[in-house]
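Residues per chain, in single letters:
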Amino acid sequence: QFANIGNPRSETFDMNETLKLLVQLHSVEENLDLIWKPVNGAVMIHADKTHINRLFTNLIQNALQAIPEEKRALITIDESISGDTILVTITDNGLGIPNELRSKIFTPNFTTKTSGTGLGLAMCKSIVEQSKGNIWFETELNKGTTFYVELPLTIN
């Protein structure tokens, strides 16, 4: 999957259709409250639809994995439009990211997990940059983390 990131097949599509399917998919999970606050109407972007799906799938999975099993998971996906960009925030109520790990989060092969390749967030960063957007995060220990994804809107 990481290798295919270099060959995007960009198209114009409604990002909210992709998010809607992901929210429906995860809404059946037990011990999870997933709240999605979309903007009104379609959110048209020009990007690789499969890559955008991977991006948000990965961010939701990471949010879920950051929350201790004994705690009820709360993940909020919020959207806001500012000028010609859409900002999507994905907030969890997990453990947060320790100070010493924050600078490595988007580095390929870096992982805090016992399994996996550590390519997830590096792949997310690559997808967002190919889509001419930005990704960053804010985190607070024992409170949670918010990832921000800002993407340019397609002007009709």
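To start, this report covers the structure provided alongside it. (Residues numbered from 1 in each chain as written. Predicted model: local features only at pLDDT ≥ 70, side-chain atom pairs only at ≥ 80, totals over all residues. Heavy atoms only, no water.)

## Section: the overall build of the protein chain
Logical step 1: Across its full length, the protein chain holds three helices and seven strands.
Logical step 2: Out of the 156 residues belonging to the protein chain, those deemed buried represent 44%.
Logical step 3: Across the protein chain, every contact between residues at least 6 apart in sequence was considered, and the portion connecting residues at least 24 apart equals 69%. (Helix = DSSP H or I, 4+ residues; strand = E, 2+ residues; numbered from the N terminus. Buried < 20%, exposed > 50% of the residue type's maximum accessible area, 1.4 Å probe, protein only. Contact = heavy atoms within 4.5 Å.)

## A few points about the nonpolar core
Logical step 1: If you look at the biggest cluster of nonpolar residues, it comprises 40 residues, and the most contacted ones within it are Met15, Ile45, Ile52, Leu55, Phe56 and Leu59.
Logical step 2: Not counting residues up to four positions away in its chain, the partners in contact with Ile45 are Glu11, Thr12, Phe13, Met15, Ile52, Ile86, Leu151, Pro152, Leu153 and Thr154. (Core = buried A, V, L, I, M, F, W, Y, C linked by side-chain atoms within 4.5 Å.)

## Structural notes on the pairing of strand 5 (residues 85-92)
Logical step 1: Counting buried residues along strand 5, six of its eight residues qualify, which places the element largely inside the surrounding structure.
Logical step 2: Of the strand pairs in this sheet, strand 4 (residues 73-82) and strand 5 are connected by eight bridges, and their pairing is antiparallel. Its bridge partner lying in strand 5, Glu79 is registered against Val88.
Logical step 3: Between the end of strand 4 and the start of strand 5, which pair antiparallel, lie two residues, with Gly83 showing a positive phi angle near 60 degrees.
Logical step 4: The sheet contact formed by strand 5 and strand 7 (residues 144-152) spans seven bridges and is antiparallel. (Pairing = 2+ DSSP bridges.)

## A word on the packing of aromatic side chains
Logical step 1: In total, this model carries four aromatic pairs according to the counting rule given.
Logical step 2: Seen in terms of ring centroids, Phe106 and Phe137 are 6.0 Å apart; in terms of plane orientation they differ by 55 degrees. Their pairing is tilted. Taken as a pair, Phe106 in the loop between strand 5 and helix 3 (120-130) and Phe137 in strand 6 (residues 134-140) lie far apart in primary sequence, 31 residues in all.
Logical step 3: Feature note: the residues Phe106, Phe137 and Phe147 constitute an aromatic cluster, connected by ring pairs. (Phe/Tyr/Trp six-rings, centres within 6.5 Å; stacked < 30°, edge-to-face > 60°.)

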